[in-house]
Every structure is written in structure tokens, then in C-alpha cells.
Amino acid sequence: MWYISTRGMTPRVDFEGALFSGYAPDGGLFMPEELPQLCRETLRQWSVLSYPSLVKELCALFIGPELIPRDDLNDLIDRGFSRFRHREVVHLSRLKNGLNVLELWHGVTYAFKDLSLSCTAQFLQYFLEKRKKHVTVVVGTSGDTGSAAIESVQGAKNVDIIVLLPKGHCTKIQELQMTTVLKENVHVFGVEGNSDELDEPIKAVFADVAFVKKHNLMSLNSINWSRVLVQMAHHFFAYFQCVPSLDAHPLPPVEVVVPTGATGNLAAGCIAQKMGLPIRLVVAVNRNDIIHRTVQRGDFSLSKAVKPTLASAMDIQVPYNMERIFWLLSGSDSQVTRALMEQFERTQSVSLPKDLHSKLSEVVTSESVSNETITQTMGRCWEENQYLLCPHSAVAVSYHYQQTDGQQPSPPRCCLAPASAAKFPEAVLAAGLTPETPLEILALEHKETRCTPMRRGDDWTLMLRDTIEDLSRQWRDHCLNAWE
């Protein structure tokens, strides 16, 4: 299985190459050169599998056994999921009036990113140990990615991780989940800016190809192919849990509602669809609505500013993974994709070509939700089911309520729930409800914290480069000592 850049200017790489790269050298994102097509019989066989077994089957299709033999792959995935609180890893809650909520948040940090990052970190460490190499992972976070990335690699001997978090723009719990991990290989910076601003120094560092190579830098943001790969399993599991029967011809569809910011989960769904999974995708966003405008009108352009919302992890203006979706829907046309994305980077505004926009609106429908609708949805779900939704999950569930209230005939529907309500007590209170906080989260309040400030007026790019150079020096010294 080979991977090529969506912009077509980079030689193809294998899974290991895609895993360690993040962005392709030409600025594009890696995608499989060919997508395996799944026949009806394979789907039937997979329909009885557990969530971890689905991840294993999908990863085996996209990671050749010459890179990771199947037994090793199974072990790595089992190890990745070993700290999850729920024995099924991912659990479907069936609530009143056909509301199905797929809980993706049973990992250490109570958010869906634990699923893909725990596996990705295992793959990383597998290759690093084999090659006797060290990497420095650099992550910018709007809330959940940072803590999940830290948990997935904390204490690993071949990995250092640097996380930039937007001070005051994450919830208190999200921040504490990052700043209370005091392992030697974890380095957290609190940036006086929002999540789009803190991406700037990271992009600047990664644009220096020689520097990236010299210091073995990589990103674990949602652009990393390995994360998208694991997230495909959400869609397969949702389909098999909600489809009434696999005996009908053609196979009946299931609607999957995806609340999203950077569109990693949506890209994963589009790929699953292309492989033959009969899902209909609905993308649900908050008031930061670039994806909604793109689906509705082909208007892929930045707003003037990020609007702070209750669903803060989705307060993102640049949905990076849309590039993968444009490439997929343009028939893998890297010229079209490159022209589009380069224009977007130059002018921050693109009108999709008519044929691309019509393909997008065929495979995805969309909605954008206000804070008021988020709190109303949280309140209604509690009233009807005594079930607490996080604000991001409420963005998805509001679409379900809208459809059922309008008595729209529709296929079975599954709403992805990316985080536990326990992480967002402020939003739960705003909805007039009582937060339920697990002991592990309460305990964060009393732990020692460590976080280096990046203030306005500081040179953030220079601070980042200096930290990376220090870590490389320490690793070289460590190797020399071990060798002596």
C-alpha cells in the first residue's frame, strides 16, 4: 500500500513514511494511492466484529505485513486500547425516539482523540525501536488533541512531545489534563493566542525542511494519516450497530452525524463511503461554519475571526482535512486540489468548481448550530433520557431532533459523541444541568502543574526552535552515554 500527496508533487511513500511526515513535503496531505473496495461478503463478516477487531482489519488493509506483521499489529492495537475504561472501547447508547449516540470517549482523557492517538503512538514506537531513532512530536491543540497526544506517548523513551495550548481558550479541565503530566518527555507551552494563532509558529518550523529533517520532527495533529485511518473504524462500527439487516439488496443506508472542527472524522467517513460502506454523512458544526458554507454554497473562505462557542474544541477556522475530501471527490485530481489549496493559502477564500461542489453536496449534508441550540439540545436529551451530552455531541444530536421533529422520513441515524460531558462542566451549567465529574478529573485540581508561557511580543517560532534544539542535544548526549 503506497501513499501519495493530495498535491501530487512528492514521491510516494509507504505507511511508515506517511506516519512520520504529517504534511507531505509539497504542503499536501498523504492519501492511499488506491482504496480497497469491500464486497458485501466482507461487510457481512465484519458486521459481527468488536470495535478493536474492526480497527485491526482496517489497519491491516492499509499497513502492509512487510512493515508490521499481522500478529505484531494486533498486539500494538490491543496495547493501545488497554487503558480504556469501557470493555467494548467504544459503546453505543440507544436512547428514546431512535437517538443512537456512539460514545467515542472512554479513553484516558475522555475524548475521541484517545482512540486514534493511542494506536498511532504504538505504531510510532514500534518503528522507532526498530530503527533506534528518536522523534520530537510538535502539537498545536484547541483542547483535546494535546492531552490525548501527551497520554499516548508520556514516558516513551524514543519520543519527546511539545504541546502548544491556547491559554484561556480551552476549558480548565482540558488545560489541567496537559499541564499536570510531569513526565520528562512532555513539554507544554501556554500561548497567549487562539488555536489558529498558535498554529503559525508550528507551520513556520515545519516549513524549514532541513530543520525538520535534522531534528526528526513530526506532528500528531489530525492531518496525520494514521489518525484518519483509525477513525474510519467509527463509521464501520456505527453502521454495523445501527443497520437493521444486512440481507436487503442493496444494503440499507445508515446516516452518520459527524460533529467536527478539523474534519478528520469527516474525511475518514468519506473514505469509508468510497470503500463501499453505505453511509450517508451529515457534518454538524458550531457557529464557526466554514464547512457548512462549503457544503451548502461551495464557499470555502475564512470568516473574519474565530467565534468562541460552548463547543470550544470545534472553534476552528481552517478545517485541514477538507483537502483530503476535495482530492477524493475530484477523482484523485492533484492538480485541481493543489490549485484550490494554494489559492486558499494565498487569499483565504475559494469558490469550489461547480462539479466539485455538486459532488460534495451529494455525499455530505451539513448544519451549523448556535450556542442556544447546543444548550437546548443538552437540556432536552437530559429531560427525555437522563443522559448528559457534551456540547460537541449536542451539535450532532440537534440535527437528529431537527429531523425527527420535522417528521422527515430517514434511515437509521447514529450521532458521533466525541467527548464526555464530564470535560465541559461550564457548558453543562449553561444548559441548566448539574455536572457529573468523575473522581479522576476532580483530582486534577490538586496536582502540581508545569507550563511555559509564550507571551504576546515573544518570538514564538524562536522559542519553539530553541526547545527542539535542546531536546535533540539531550538525545545525542543520552546516546553517547549509552554507547560509552
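From a predicted model like this one, the values you see are computed outputs, not experimental measurements.

Asker: With reference to specific residues and values, describe the UniProt feature "domain: Threonine synthase N-terminal" (unreviewed entry) in the protein.
Answerer: Using the residue numbers shown here, the UniProt feature "domain: Threonine synthase N-terminal" (unreviewed entry) corresponds to residues 3-80. The span residues 3-80 carries 47% helix and 8% strand; its end-to-end C-alpha distance comes to 24 Å.

Asker: Tell me about the UniProt feature "domain: Tryptophan synthase beta chain-like PALP" (unreviewed entry) in the protein, residues and numbers included.
Answerer: According to UniProt, the "domain: Tryptophan synthase beta chain-like PALP" (unreviewed entry) feature falls on residues 105-397. From the first C-alpha to the last, residues 105-397 spans 16 Å; its make-up is 50% helix and 16% strand.

Asker: Quick one: what's the story with the packing of helix H16 (residues 371-385) against helix H17 (residues 391-405), residue by residue and with numbers?
Answerer: Any two packed helices are characterised by how steeply their axes cross, that is the angle between the axes, and by the distance between the axes. The interhelical angle for the contact between H16 and H17, taken along N-to-C directions, is 75°, at an axis separation of 8 Å. Regarding the angle of H16 to H17, the classification is roughly perpendicular. For the pair formed by H16 and H17, the contact residues are Thr373, Ile374, Thr377, Met378, Arg380, Cys381, Glu384 and Asn385 on the first element and Pro391, Ala394, Val395, Val397, Ser398, Tyr401 and Asp405 on the second. Across the contact of H16 with H17, the residue classes break down as 8 nonpolar, 4 polar and 3 charged.

Asker: I'd like a description of empty space enclosed by the protein, backed by residues and values.
Answerer: Overall, the coordinates contain 2 cavities of 30 Å³ or more when judged by the stated rule. Forming the walls of the largest cavity are 30 residues, and the residues nearest its centre are Lys113, Ser142, Thr145, Ala262 and Ile316. Of all the secondary-structure elements, those providing two or more residues to the lining of the largest cavity are helix H6 (144-153), helix H8 (195-207), helix H10 (225-242) and helix H11 (264-274). Estimated volume of the second largest cavity: approximately 30 Å³. Lining the second largest cavity are Asn288, Asp289, Ile290, Arg293, Leu302, Ser303, Ile316 and Gln317. Its residues assigned to classes, the lining of the second largest cavity comprises 3 nonpolar, 3 polar and 2 charged.

About the criteria used
Residues numbered from 1 in each chain as written. Predicted model: local features only at pLDDT ≥ 70, side-chain atom pairs only at ≥ 80, totals over all residues. Heavy atoms only, no water. UniProt positions renumbered as here; feature names shortened; annotations may be inferred. Helix = DSSP H or I, 4+ residues; strand = E, 2+ residues; numbered from the N terminus. Axes fitted to C-alpha atoms, helices over the stretch in contact; angles between N-to-C directions. Parallel < 35°, antiparallel > 145°, perpendicular 65-115°, else oblique. Contact = heavy atoms within 4.5 Å. Nonpolar A, V, L, I, M, F, W, Y, C, P; charged D, E, K, R; others polar. 1 Å grid on protein atoms, 1.4 Å probe; cavity = no way out; pocket = protein on both sides within 12 Å on 5 of 7 lines; lining within 4 Å. Points joined across faces, edges and corners; volume = space filled by probe spheres on them.

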